[in-house]
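# Descriptive structure summary
Here are the chains, one letter per residue:
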Amino acid sequence: MEKKELLYEGKAKKVFATEDENYVIVSYKDDATAFDGLKKGTILGKGVVNNRMSNYLMQLLEKHGIPTHFVEEIDYRDTLVKKVQIVPLEVIIRNISAGSFAKHYGVEEGIVFDEPTIEFSYKNDDLHDPLLNSYHALALKLATKEEINRIKEMAFEVNRVLKEYFLSLGVKLVDFKLEFGRLSDGTIVLADEISPDTCRFWDAKTNEKLDKDRFRRDLGGVEDAYREMLHRVFGE
Ligand code: UDP
């Protein structure tokens, strides 16, 4: 399928219509933002890494029975996906303390949790993605009770699969953000991306950061970190 008109341009991706209204083409850019868009930059090759890694992981999750929006990789930057209505929730799962969790609760990074945590933010740029719980999400009619339960169940299952997979590559899956969408028949599927932009990855031996925190915190070696994650997944 071919790209038709540009439907939407976000911080890291463009979305194009196709000749079939049930499908769109996502095109990954090298543009990077952090801190609610205040920090901007370019990470050379990021779009390729995120596209390829995300597609690989979506297919792995499909094999484990988790429905996703993935259809077909078109090339290194472009992917055909099912058109969904995005549920306006960012779903964050954490296995190890880091980032805003460490900051909010005044603890160091690196505490390994006995059980993963889940939290939601309301996807709303004007409000700066405020944190909310499932009762708030229901009150705001962002999703139904059934949808929220399904999203929670799927998010923890994604964590089980990905945590084990990344450990086999010598990578700790510290935390990550997921987004879900509704197909036209109402089915909830995993959407958006799973990449070093949306996950924290630490080397299992050295705890070296292999994700967007290198950009957020000006740690240097940003491109190398993304390349290293591609190497771990594809061995190239
Ligand atoms: N995350 C994301 N998009 C966001 C916010 C967070 O992909 O808008 C990811 C982030 O990369 C990390 C996890 O969600 O893997 C948890 O992020 P956290 O709440 O610690 O926020 P941060 O410290 O990144 O501001």
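The text that follows walks through the structure, step by step, so that each part is easy to find. Keep in mind that this is a model prediction, so the values were computed, not measured.

## Points about the sheet that holds strand β6 (residues 70-73)
Pairing is antiparallel in the open sheet, where 5 strands are placed in the order β1-β2-β3-β7-β6. Each end of this open sheet is capped by a strand with a single partner; those strands are β1 (6-9) and β6. Strand-to-strand, the axes of this sheet are offset by a mean angle of 25°, without reference to chain direction. The pairing of strand β2 (residues 13-17) with strand β3 (residues 23-28) spans 5 bridges and is classified as antiparallel. Paired with Phe16 across the two strands is Ile25, which belongs to β3.

## Regarding the site of the ligand
Near the ligand lie 13 residues; those nearest to it are Arg94, Ser100, Asp175, Arg200 and Arg216. Contacts to the ligand include Ser100, whose side-chain N or O atom sits 2.6 Å from an oxygen atom. Arg200 places a polar side-chain atom, nitrogen or oxygen, 2.8 Å from an oxygen atom of the ligand. When the free accessible area of the ligand is taken as 500 Å², the share hidden by the protein chains comes to 76%. Mapped by element, the contributors of at least two residues to the shell around the ligand are β9 (89-96), α2 (99-105), β12 (171-182) and β14 (199-203). In terms of residue class, the shell around the ligand is built from 3 nonpolar, 3 polar and 7 charged.

Rules and cut-offs
Residues numbered from 1 in each chain as written. Predicted model: local features only at pLDDT ≥ 70, side-chain atom pairs only at ≥ 80, totals over all residues. Heavy atoms only, no water. Pairing = 2+ DSSP bridges. Helix = DSSP H or I, 4+ residues; strand = E, 2+ residues; numbered from the N terminus. Axes fitted to C-alpha atoms, helices over the stretch in contact; angles between N-to-C directions. Near = heavy atom within 4 Å. Polar contact = N/O pair within 3.5 Å; in protein donor to acceptor, adjacent residues only side chain to side chain. Areas by Shrake-Rupley, 256 points an atom, 1.4 Å probe, with all protein chains shown as cover. Nonpolar A, V, L, I, M, F, W, Y, C, P; charged D, E, K, R; others polar.

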